Every structure is written in structure tokens, then in C-alpha cells.
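Coordinate analysis (summary)
These are the residues of each chain, in order.
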Amino acid sequence: MTKVLVVDDDFMVAKLHSRCVSAVDGFSVVGVAHNGAEALRAADRLRPDLVLLDIFLTDMDGISVLRALRGTGLAVDALFITAARDAGTIRSALRAGALHYLIKPFHQTALQEQLRHVASLRTRLDALDEARQEDVDQIFGTRPPGSRDLPKGLAAPTAELVDGILRAHPEGLSATECAREGALSRVSARRYLEHFAETGRAEITLRYGGTGRPERRYRRLG
């Protein structure tokens, strides 16, 4: 279970974010704070795994809160949720160690998608003793799927297309469904989907029913 501390000076917004977090499997809201000082006290007491931070707080900005948390040695990740759009603030958030930055307003599914991404990162890191470069690229998101080394016969633009289709279907889909949506042949779609599965970017599940072989379905990871 990932313990989450929600920090926002707007009581209603904090309540909405808390409700959104609680709806995601594997996440639990352990506390809510409405200013920087409260956030620091709550983090020290509750030891959360993840902090949802607003930039605009009444006593100090969210980036200063994150830097203060880093100074305490607390092992906590941070996801900024804010209306601040200027590049300087976003750059400062990155330098402070934020995992991601969501700009208000947004649909709750955007936050839930980021939470699932956090869970995926934690799971992937927990499973690693020694990382390959591909593992590091996936964790840090330094290169888009299409720019990674592809086997002979696979093209980066098509890899990006298939990756986009997977993103649009978080519940998973079959090679036939992917081919139909991407205007590809079924054989071609399956080659890319199998490559994603082999490199840890997708998982395969089997759907049983009817006669013949079970249907292979692919779901994007991270």
C-alpha cells in the first residue's frame, strides 16, 4: 500500500484529490495538510511514500516544502498538482526532485494515471537487483518507445503508433484490435506488441473462451 499525503490550501480541492487517490487500488490517503508547516509536521509524523503538493500555499511554496522534506532525509516522492504554468516553476520542481507535474484543471483520470505510473515505478524498482540501460530508460522516461533500439524489421514511427494505441487502452487489447485501430496488418501489430512485452513495456494475459487457442491480450506497463 502506498501512503499518500495530500497538500493543498483549498479544503475542497484537497478533499477531491483525496477521494481520487482513494479510488486507485494500492493507494491510501494517510493525511491532509493545508499549508507548508502542516505538511512538514504531517510528513514527519505519518512517513508517507508520496506527497501530492500544490505550489501556492499560504506560508511557503510547494517547492520549498519538497526541498525541506529532502533536507530531513525522508524517503518520499512528490507529485505537484498546481495552476502554476511558468517554465521557471516547472524547472524548479524538476530540480527539487518531483516525479511529475500536473497543471490544474485536469480530469481526475490524469491524476489516477500518474498514480498508477508511480506504482509501476515502485514495483519495477523493487524487482531489480541490477538494472540494464533499458530498465533505467523506462524508469526515468528519458527516451520515447520509438527512439529505443528496435529489432530489424521494426520501425520507430510504427512503434510509436502502437505504443499510443496501448496508452489509449489501459485495460488491454488484442493484436487484432490493435491492427484495426492502427490500420496495420494483424501480423505487424503482433510483432510490435510482442516486442513491447519482451522488453518489459507491456504484459500479456490470456483470455480463455470458446474453442481453439486462448486470445493473447496486451496491456501497457508504466
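Worth saying up front: this structure is predicted, and the values here are computed from it rather than measured. Per-chain numbering applies: the sequence of each chain, read as written, is numbered from 1 onward. Restriction of local features to residues with pLDDT of at least 70 applies here, the model being predicted, together with a cutoff of 80 or more for giving and counting side-chain atom pairs; totals for whole chains, interfaces and linings are based on all residues. For side-chain calculations, the full set of non-hydrogen atoms in the structure is used, while hydrogens and water are omitted.

Being paired, for any two strands, means DSSP has found at least two bridges between them. Secondary structure elements follow DSSP: runs of H or I of four or more residues count as helices, runs of E of two or more count as strands, with numbering from the N terminus. Spatial ordering of the open sheet is given by β6-β8-β7, a layout of three strands whose pairing is antiparallel. Only two strands of the sheet have a single partner each, and these edge strands are β6 (173-174) and β7 (202-207). In this sheet, strand β8 (residues 215-220) lies alongside β6 in antiparallel orientation, the contact comprising two bridges. By the bridge assignment for β8, S174 is matched with R217.

Right, let's get into the sheet that holds strand β1 (residues 2-7). Taking strand neighbours across the sheet as the criterion, the five strands line up as β2-β1-β3-β4-β5 in an open arrangement whose pairing is parallel. The open sheet is flanked by β2 (27-33) and β5 (100-103), the only strands paired with a single partner. Put simply, the sheet's adjacent strands are angled 20° from each other on average, direction ignored. Note: β1 against strand β3 (residues 50-53), four bridges, orientation parallel. Axes here refer to lines fitted to C-alpha atoms; in helices the fit is confined to the stretch in contact. Angles between the N-to-C directions go from 0 to 180 degrees.

For the pair helix α1 (residues 11-22) and helix α5 (residues 108-126), interaxial distance at closest approach is 10 Å and the crossing angle is 50°. As far as their axial angle goes, α5 and α1 are oblique. Handedness of the α1/α5 crossing: right-handed. The residues of α5 that touch α1, namely those facing H17, C20 and V21, are Q108, L111, Q112 and L115. Side-chain classes follow a simple rule in which Ala, Val, Leu, Ile, Met, Phe, Trp, Tyr, Cys and Pro form the nonpolar group, Asp, Glu, Lys and Arg form the charged group, and the remainder, Gly included, forms the polar group. Residue composition of the contact of α1 with α5, by class: four nonpolar, three polar and no charged. By the definition adopted for this analysis, an angle is roughly parallel if under 35 degrees, roughly antiparallel if over 145, roughly perpendicular if from 65 to 115, and oblique otherwise. Crossing chirality is assigned from the near helix's rotation relative to the far helix, an anticlockwise turn below a right angle marking it left-handed and a clockwise turn marking it right-handed. By definition, residues are in contact when any of their heavy atoms lie within 4.5 Å.

When a carboxyl oxygen of Asp or Glu lies within 4 Å of a side-chain nitrogen of Lys or Arg, that pair is called a salt bridge. In total, this model carries twelve salt bridges according to the counting rule given. Measuring nitrogen to oxygen at the nearest pair gives 3.3 Å for the salt bridge that ties R167 to D163. Linking R167 with D163, this pair stays in helix α7 (residues 156-168), spanning four residues, or about one helical turn. Throughout this description, buried means an accessible area under 20% of the type-specific maximum (1.4 Å probe, protein chains only), exposed means over 50%, and partly exposed covers the range between. Since its relative accessible area comes to 6%, D163 is described here as buried. The shortest N-O distance in the salt bridge between D163 and R220 comes to 2.7 Å. You can see D163 sitting in helix α7 and its partner R220 sitting in strand β8, a full 57 residues away along the chain. For R220, a relative accessible area of 15% puts it in the buried group. Here the salt bridges share partners, and the residues they tie into one network are E177, R207, E215 and R217.

Here the focus is unusual backbone geometry. A negative phi angle is the norm for most residues apart from glycine, just as the trans form is the norm for most peptide bonds. For the peptide bond that leads from K104 to P105, omega is -10°, which places it in the cis range. Along the chain, P105 turns up in the loop between β5 and α5. A positive phi angle, close to 50°, is found at R47, a residue other than glycine. Within the fold, R47 resides in the loop between α2 (36-46) and β3. Accessibility expressed as a relative area gives 41% for R47, which makes it partly exposed. Non-glycine residue A183 carries a positive phi angle of around 55°. Inspection of the secondary structure puts A183 in the loop between α8 (175-182) and α9 (186-198).

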